[in-house]
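# Residue-level structure breakdown
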There are 2 protein chains.
Amino acid sequence: MEFIEIRRPDDFHLHVRQGEPMAYWVRASARDFARALIMPNTIPPADSPERVEAYRAAILAAVREDPETAGFTPLMAFKIMPGMGAERVAGLKAAGCLAGKYYPAGATTNSSDGLSSPAAAREALLAMEELGLPLSIHAELPEYFVLDREKAFLPTIERLSRDYPKLRIVIEHLSCAESLEFLRSMPERVCATVTVHHLLYTMDETMGEGLNPHFFCKPCLKTPRDRQALQDAVLSGNPRIFFGSDSAPHALSKKEGPFSLGGPYAPGGVFSAPAALPLLAAFFEEGGMLSRLENFTSAFGAAFYGLPRNSGRLRLVKRDSRVPEEIAGALPMLAGRQLPFDVERKEGA
Amino acid sequence: MEFIEIRRPDDFHLHVRQGEPMAYWVRASARDFARALIMPNTIPPADSPERVEAYRAAILAAVREDPETAGFTPLMAFKIMPGMGAERVAGLKAAGCLAGKYYPAGATTNSSDGLSSPAAAREALLAMEELGLPLSIHAELPEYFVLDREKAFLPTIERLSRDYPKLRIVIEHLSCAESLEFLRSMPERVCATVTVHHLLYTMDETMGEGLNPHFFCKPCLKTPRDRQALQDAVLSGNPRIFFGSDSAPHALSKKEGPFSLGGPYAPGGVFSAPAALPLLAAFFEEGGMLSRLENFTSAFGAAFYGLPRNSGRLRLVKRDSRVPEEIAGALPMLAGRQLPFDVERKEGA
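Rules used throughout
Residues numbered from 1 in each chain as written. Chains lettered and ligands numbered in written order. Predicted model: local features only at pLDDT ≥ 70, side-chain atom pairs only at ≥ 80, totals over all residues. Heavy atoms only, no water. Helix = DSSP H or I, 4+ residues; strand = E, 2+ residues; numbered from the N terminus. Buried < 20%, exposed > 50% of the residue type's maximum accessible area, 1.4 Å probe, protein only. Contact = heavy atoms within 4.5 Å. Lys, Arg positive; Asp, Glu negative; His and termini not counted. Charge placed at Lys NZ, Arg CZ, Asp CG, Glu CD. Core = buried A, V, L, I, M, F, W, Y, C linked by side-chain atoms within 4.5 Å. Phe/Tyr/Trp six-rings, centres within 6.5 Å; stacked < 30°, edge-to-face > 60°. Pairing = 2+ DSSP bridges. Axes fitted to C-alpha atoms, helices over the stretch in contact; angles between N-to-C directions. Buried area = accessible area lost by both parts, 1.4 Å probe. Salt bridge = Lys/Arg side-chain N within 4 Å of Asp/Glu carboxyl O. Polar contact = N/O pair within 3.5 Å; in protein donor to acceptor, adjacent residues only side chain to side chain. Nonpolar A, V, L, I, M, F, W, Y, C, P; charged D, E, K, R; others polar.

## With respect to the overall build of chain A
- When helices and strands are counted, chain A shows 13 helices and 13 strands.
- Seen through its C-alpha atoms, chain A measures out along the principal axes to roughly 50 × 45 × 40 Å.
- Among the 349 residues that make up chain A, the fraction classed as buried is 63%.
- Excluding contacts between residues fewer than 6 apart, the proportion of contacts in chain A whose partners are at least 24 apart in sequence is 73%.
- Charged side chains in chain A number 39 positive and 43 negative. The centres of these two groups are separated by 3 Å.

## Here we look at the nonpolar core
- If you look at the biggest cluster of nonpolar residues, it comprises 91 residues, and the most contacted ones within it are B:F78 and B:L135.
- No other element matches the 9 residues that helix α11 (residues 273-286) of chain B contributes to this core.
- Those residues in contact with B:L135, other than ones at most four positions away along the chain, are B:I80, B:G100, B:Y102, B:L125, B:M128, B:L160, B:L167, B:R168, B:I169 and B:V170.
- Of all hydrophobic cores here, the second largest spans 89 residues; its members include A:M22, A:V26, A:A233 and A:L280.

## With respect to unusual backbone geometry
- Here the amide bond leading from A:K218 into A:P219 is cis, since omega sits at -5 degrees, within 30 degrees of zero.
- With respect to the helices and strands, A:P219 occurs in the loop between α8 (203-207) and α9 (224-235).
- Each neighbour pair has its own omega, and for B:I43 with B:P44 the value is -5 degrees, a cis peptide bond.
- Mapped onto the elements of the fold, B:P44 is located in the loop between β3 (35-38) and α2 (49-64).

## With respect to the packing of aromatic side chains
- All chains considered together, the criterion is met by 26 aromatic pairs over all chains.
- Ring centres 6.3 Å apart and planes at 75 degrees place the aromatic pair B:F242 and B:Y305 in the edge-to-face group. Linking B:F242 in strand β9 (residues 241-243) with B:Y305 in helix α13 (residues 300-305), this pair joins segments that are 63 residues apart in sequence. Assigned by exposure class, B:F242 and B:Y305 land together as buried.
- Geometrically, the ring pair formed by B:F304 and B:Y305 is edge-to-face, given 5.0 Å between the ring centres and 90 degrees between the ring planes.
- Among the aromatic residues, those joined into a cluster by ring pairs are A:F33, A:F243, A:F283, A:F284 and A:F296.

## Side note on the sheet that holds strand β1 (residues 3-7) of chain A
Residues and elements named next belong to chain A.
- Reading across the sheet, the 3 strands line up as β1-β10-β13 and stay open at both edges, with antiparallel pairing between neighbours. The open sheet has two edge strands with one neighbour each: β1 and β13 (342-345). Taken over all neighbouring pairs, the strand axes of this sheet differ in orientation by 25 degrees on average, direction set aside.
- Pairing geometry for strand β10 (residues 313-317) and β13, over 4 bridges, is antiparallel. Within β13, the position partnered with L316 by the bridge is V343.
- Its contacts with the sheet put helix α11 (residues 273-286) on β10 and β13, and the angle it makes with β10 is roughly 65 degrees.

## Structural notes on the interface of chain A and chain B
- Of the residues lining the interface, 32 residues belong to chain A; the matching set on chain B comes to 32 residues.
- Summed over both partners, the interface of chain A with chain B buries about 2800 Å², with 68% contributed by carbon and sulfur atoms.
- If you sort the residues of chain A by the area they bury against chain B, A:M207, A:L211 and A:Y265 come out on top, with a joint share of 26%.
- At the surface where chain A touches chain B, the tally comes to 2 salt bridges.
- Residues A:R149 and B:D204 are paired through a salt bridge, measuring 3.6 Å at the closest nitrogen-oxygen approach.
- Counting every contact that joins chain A to chain B gives 10 residue pairs in polar contact (both at pLDDT 80 or more).
- Among the residues making up the side of chain A that touches chain B, the classes are represented as 17 nonpolar, 8 polar and 7 charged.

## Quick look at the environment of B:L115
Residue and element names in this part refer to chain B.
- Counting through the fold element by element, L115 comes out in the loop between β5 (99-102) and α4 (122-131).
- Since its relative accessible area comes to 1%, L115 is described here as buried.
- Put simply, L115 and Y102 are 13 residues apart on the chain and 7.1 Å apart in space, counted from C-alpha to C-alpha.
- Those residues in contact with L115 that sit more than four places away from it in its chain are I80, M81, P82, Y102, Y103, P104, A105, A120 and A121.

## Brief notes about the side chain of B:D11
Residues and elements named next belong to chain B.
- Along the polypeptide, D11 turns up in strand β2 (residues 10-14).
- As a buried residue without a salt bridge, D11 has its nearest oppositely charged side chain in R35, at a separation of 11 Å.
- Excluding residues within four positions of it along the chain, D11 makes contact with F33, R35, A36, L37, F243, G244, S245 and D246.

## So, the pattern of salt bridges
Residues and elements named next belong to chain A.
- Applying the stated criterion across every chain, the model contains 33 salt bridges over all chains.
- In this structure, R35 engages D10 in a salt bridge whose closest nitrogen and oxygen atoms are separated by 2.8 Å. Of this pair, R35 sits in strand β3 (residues 35-38) while D10 sits in strand β2 (residues 10-14), placing them 25 residues apart in sequence.
- Take D10: its relative accessible area is 1%, and that puts it in the buried class.
- E325 is the partner of R322 in a salt bridge, and the nearest nitrogen-oxygen pair spans 2.7 Å.
- By sharing partners, the salt bridges in this structure join D148, K151, E178, R225 and D226 into a single network.

Written out as structure tokens, the structure reads:
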């Protein structure tokens, strides 16, 4: 096997941030991925049609500047705010939003204005159910012990599924064995994304040697047992589990300091997009399941969101490639390291 | 209760490092503690009578410069090196060493020259057993998953206890529930130190919010269940469990960067000594066991090492005190924060 060719992939969970670096950060994804669901935890949040449209326009302007990324399509998600009304949700859908994102208050970057409970978004959730807009969830209760936060959120998802019986739900960046078991107990309209870092790594990367901010994320990397469960589930070809990188660049100074006395210290977020596809190819190859890579990256997610599959194709060539050392002031995961596959866009794709 | 008076305490596990900052770092302990067992993982290691004597002399010179710390006694430990002979061990004992320290290779700061297994130190261990020199152990197998490293080392301790049936053993900075259970199954000559940070905190401090290098240590902070087991054991007044701070300052730049591409990132080590006694007083008070504080800090450890108890006394006064913001370029644990007790040396102590 010298290369594998797959349909151009989607990333159903991506942070590209704002301001000047955004153009470079989104292009780092747009070179490899045909589409990505752009997370709305910006400042201010992407919570109105105007803001979503402005954000999409900025992203489109950025990718169009480079012929290699010009074909990229940003798929937009909005942030569900406390008390958000049905009309607003309808407007967001009309503005092309594909999903609404549920951030528990305080769970992650820019989420202090998030939801204290589903009750805080009752009207929006009813509207989303009615309009067929999927609910994307950062499934953690931040008041719990860091390793238990995702598990602690599962009863909330069960309640959401019961209270909104037609609502389609995505458990984002699913990270622990208990959540996989929970997923199996849920109706088929509940799905999950899995990141490349939760699939391949454990807390050893975060704190096994030095304390590595570039492998610190929320939910945090977990145990070998959790990783094994994720690997088994992804290799099994379960159509309810698809790729979302949660690639999340932060400026180097935020990750590595200097910090003020008492913090805040390095925020969560792994800038994995530049390394994602080569790592996924190596993972599926090692698992003897290369034929299932395409479904994970390019089919199951599109099916969940009711999107056509991408038409272009892309080659993952078995030769060394090198992760960039830095992209617009952020360090990618495995910066400067060798990867066993290289991404090659097929001619005419 | 306005204050509690205790016999002046001992710290049976302390890092004071080398070079210019050492004087300030050791004084931060010597103000509160009458004696401390000084860890030997210096560069070069404290593994010969000459080096141990030079290190002790440097420490004594530092504490004698300040009348508040002049009475401090450094208790010396030597580092057990692969292939160390019986004669060397006898020389180290003659030089006043109180214990030999077992560092598994790669387990922590400056331990790449440590032991790959007890077999690598057979002659030294036999000599220590013969001479009645206790074995102090960093009980982690670094090749295991970070949360399992201490548990994974327990069979090695069992083997050591069996192979050296008179050897007195200290499991240093004991950090997990399984180790406590193991300790109960061991003969009485196996004891343990407990730090204030493992007693009070969990991994939430390291990575629950931002990634906080000042709460990163080896063994790492663990789960609420482990912390509860430690608290129960310490409050129970078990004479085989005594205080060792593992206070371990690192220069701020090592903890907070800037780092080189790909690391190494922040090393383990919590500089807890400046906050230790007020925190311990608050912990025992909250647990309704203030009367047991003195045994933990000032009696059980001395008994294990066959030392007389300290004669001076010290008051822990119930009034706010403030942790220094910085000491010779290192950030103490809880730097700048208020503590509910203040340390006051009794007149004439």
